[in-house]
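# An overview of the molecular structure
Read off the chains here:
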Amino acid sequence: MHGGRGGWAPGLVRSGLLGILACGSWACSGPKLNPVPAVEPPENLDEIEIVLPEGGRCGPQRVTAEAALVPAEASSSAEQECSSPRPNGIDEWYSPIRPLGVGYPGGPNLLPRGVAYLTFDDGPSEWTARFLDILKEKNVKATFFVTAKQLKGPVGLDGTFIDASGTTVVYRDLLKREVDEGHQLANHTVNHADIGRITREQLTSEIEQNELLVNRALLRAGALPEVLTLFRPPYGSPWFTGIAGPIDPSPTERIASHALNIMWTVTSTDASDWAQDEAYSRFSRPATTADAPTYEEKLERVKEAVVDAPATATGDGMIVLMHDTHSVTRDVLPEIIDGLVAKGYTFETIEHYVQWRWQRPSLDLAPGPALYNSCVPDKDWGCEAFDVPVGTDRSAEVCGRMWVAFHALGGVDELGVPVAAPERSPDTGIWSQSFERAVIELHPENPAPCNFVVRPR
Ligand SMILES: [Zn+2]
């Protein structure tokens with residue numbers, strides 16, 4: 001399946017463009033674990049690089065990001081006609097400056113009753129193992145919005161710490177535990193950047209490199225790669241006031257082109273300060289001022305912020321913002337879970353929310369051709385169907401990132417129509433979808449241009 005060109009003669013090759021760029025030295029067909037090269041942003045960040053494997057070698061082919069992400073006819077017809085109904089005005093909330101997601105202040109934050117989505121940001125940290133112990137004990141699934149900077153350590157992805165029993169713990173093993181124990185991993189940038197204050201190029205790098213580093217860490221830890229289909233902007237910036245810089249459509253379009261934008265509806269307030277004696281590490285703690293709350297005061301405050309949140313009075317669903325980097329949160333988590341259980345709540349990952357809200361896996365929606373197209377019914381977002389209505393048969397649809405790859409690689413003219421639904425290999429963790437003339441694979445552990453790989457059939 002992976003031999004020479006054979007019958008595979010796509011327009012990309014016929015055009016002769018393939019020969020212009022020198023073949024890279026990297027292999028595209030599988031994970032590259034060692035060593036981890038320094039990650040440099042591409043020279044031209046308006047380009048997405050696509051690779052056609054040639055007997056294990058790479059021939060890069062470049063297409064513009066704009067061409068790959070949003071077909072001109074779709075965006076222009078959307079602006080001009082907008083004939084689709086707008087139920088409850090909800091879709092007006094999604095736009096170039098509000099990518100498809102949930103938790104926007106004042107936004108259409110529909111949530112299922114009685115469900116609490118616990119989310120933990122900024123980890124992994126020295127406390128994460130204890131968070132996982134508690135969640136396991138209580139049989140609660142949660143979502144972890146990971147920043148990769150901790151994973152790195154001084155060199156590569158070998159960050160470690162010494163735990164209370166004197167054991168050296170590798171941060172990446174905590175990620176594997178999160179996956180193994182049924183939690184969901186999500187993207188929170190590499191460096192916890194305020195995306196309202198960085199360039200479009202920096203944001204692209206923060207999002208893509210975080211997914212790459214998380215996946216290389218997972219592979220090194222012995223886990224399979226995960227497509228990070230959910231993104232949370234650090235600080236909730238620029239949508240929450242107070243910290244946000246000017247709202248520029250450009251950076252937020254980069255989120256829309258990669259993931260669903262998941263904010264929150266209830267904050268535990270755990271990251272708004274550090275209490276006296278609160279810490280993120282056994283060996284160092286932030287300096288606190290004399291007016292900092294006592295540890296006990298903050299424990300009580302964080303618990304009340306969640307367990308007595310207004311939503312709990314009516315049993316409304318909620319997405320709860322917490323941090324597995326705060327010792328107060330670690331120590332109050334059991335009481336928070338018990339308090340919510342007493343009020344009738346159950347606990348799910350954000351993937352549950354996405355499928356409840358949009359009736360599709362997040363992979364189908366991240367990104368799609370029309371994620372911020374207010375004219376397209378939301379059930380159609382992110383998918384193109386062949387011979388069936390959208391949303392009825394995944395084996396006849398191309399969705400999400402697969403849609404981007406499909407069009408970048410020539411669409412139906414080159415690849416034919418889909419003949420199977422996307423599937424995740426139980427051996428490699430790689431997502432793939434078969435078309436009449438080729439198979440497209442999504443390799444989240446590889447950098448562009450090796451993240452999309454096409455194989456002739
Ligand atoms: Zn954060």
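About the cut-offs
Residues numbered from 1 in each chain as written. Predicted model: local features only at pLDDT ≥ 70, side-chain atom pairs only at ≥ 80, totals over all residues. Heavy atoms only, no water. Helix = DSSP H or I, 4+ residues; strand = E, 2+ residues; numbered from the N terminus. Buried < 20%, exposed > 50% of the residue type's maximum accessible area, 1.4 Å probe, protein only. Contact = heavy atoms within 4.5 Å. Areas by Shrake-Rupley, 256 points an atom, 1.4 Å probe, with all protein chains shown as cover. Core = buried A, V, L, I, M, F, W, Y, C linked by side-chain atoms within 4.5 Å. Salt bridge = Lys/Arg side-chain N within 4 Å of Asp/Glu carboxyl O. Donors = N, O, S within 2.8 Å, 3.2 Å for Na, K, Ca; no water. Phe/Tyr/Trp six-rings, centres within 6.5 Å; stacked < 30°, edge-to-face > 60°. pLDDT = per-residue confidence, 0-100.

Now for the overall build of the protein chain. Of regular secondary structure, the protein chain possesses 15 helices and 19 strands. In the protein chain, which comprises 457 residues, the proportion classed as buried is 54%. Within the protein chain, residue pairs in contact and separated by at least 24 positions form 70% of the contacts whose partners lie at least 6 positions apart. Accessible surface, the protein chain as shown: approximately 18700 Å² in total, 52% of it carbon and sulfur.

What follows deals with the nonpolar core. Within the largest apolar cluster, 47 residues are counted, with the highest numbers of intra-cluster contacts made by Leu118, Phe120, Val214, Met318, Leu333 and Leu340. Going through the elements one at a time, β4 (115-121), α4 (128-137), β5 (143-146), α6 (171-180), α7 (200-220), α9 (295-307), β12 (318-323) and α11 (327-342) are the ones with two or more residues in this core. For this core, the element with the most residues is α11, which contributes 6 residues. In contact with Leu333, other than residues within four places in its own chain, are Leu118, Phe120, Phe131, Ile134, Leu135 and Met322. With 29 residues, the next largest nonpolar core counts Tyr104, Ile207, Ile255 and Trp358 among its residues.

Glancing now at the pattern of salt bridges. Considering all chains together, one arrives at 23 salt bridges under this definition. Residue Glu211 is joined to Arg401 by a salt bridge in which the shortest nitrogen-to-oxygen separation is 3.1 Å. Placement of the pair is Glu211 in helix α7 and Arg401 in helix α14 (residues 400-408), with a sequence separation of 190 residues. On the accessibility criterion, Glu211 (3% relative accessible area) is buried. By sharing partners, the salt bridges in this structure join Asp133, Lys136, Arg177 and Glu181 into a single network.

Every protein donor of the zinc ion is accounted for by Asp122 (OD), His188 (NE2) and His192 (NE2), and the metal-donor separations fall at 2.0 to 2.1 Å. All donors of the zinc ion come from a single chain, and their spacing in sequence reads D-x65-H-x3-H. Of this pair, Asp122 sits in the loop between β4 and α4 while His192 sits in the loop between β8 (184-187) and α7; the two residues are 70 residues apart in sequence, bridging distant segments of the chain.

Our focus in this paragraph is the packing of aromatic side chains. The full count for this structure, using the stated rule, is 10 aromatic pairs. Taken together, a centroid distance of 5.0 Å and an interplanar angle of 45 degrees make the contact between Phe161 and Tyr171 tilted. You can see Phe161 sitting in strand β6 (residues 160-162) and its partner Tyr171 sitting in helix α6, a full 10 residues away along the chain. Across the pair, exposure class does not vary: Phe161 and Tyr171 are buried alike. Seen in terms of ring centroids, Trp274 and Tyr280 are 5.5 Å apart; in terms of plane orientation they differ by 70 degrees. Their pairing is edge-to-face. Its relative accessible area of 24% is what places Trp274 among the partly exposed residues. Every member of this aromatic cluster is reached through a ring pair, and the members are Tyr117, Tyr353, Trp356 and Trp358.

Low pLDDT means the predicted coordinates in that region are not meant to be read closely. When pLDDT is averaged along the protein chain, the result is 78; 74% of the residues meet or exceed 70. Note on residues 1-90: pLDDT under 50 across the span, and 162 contacts to partners over four residues away in sequence or across chains.

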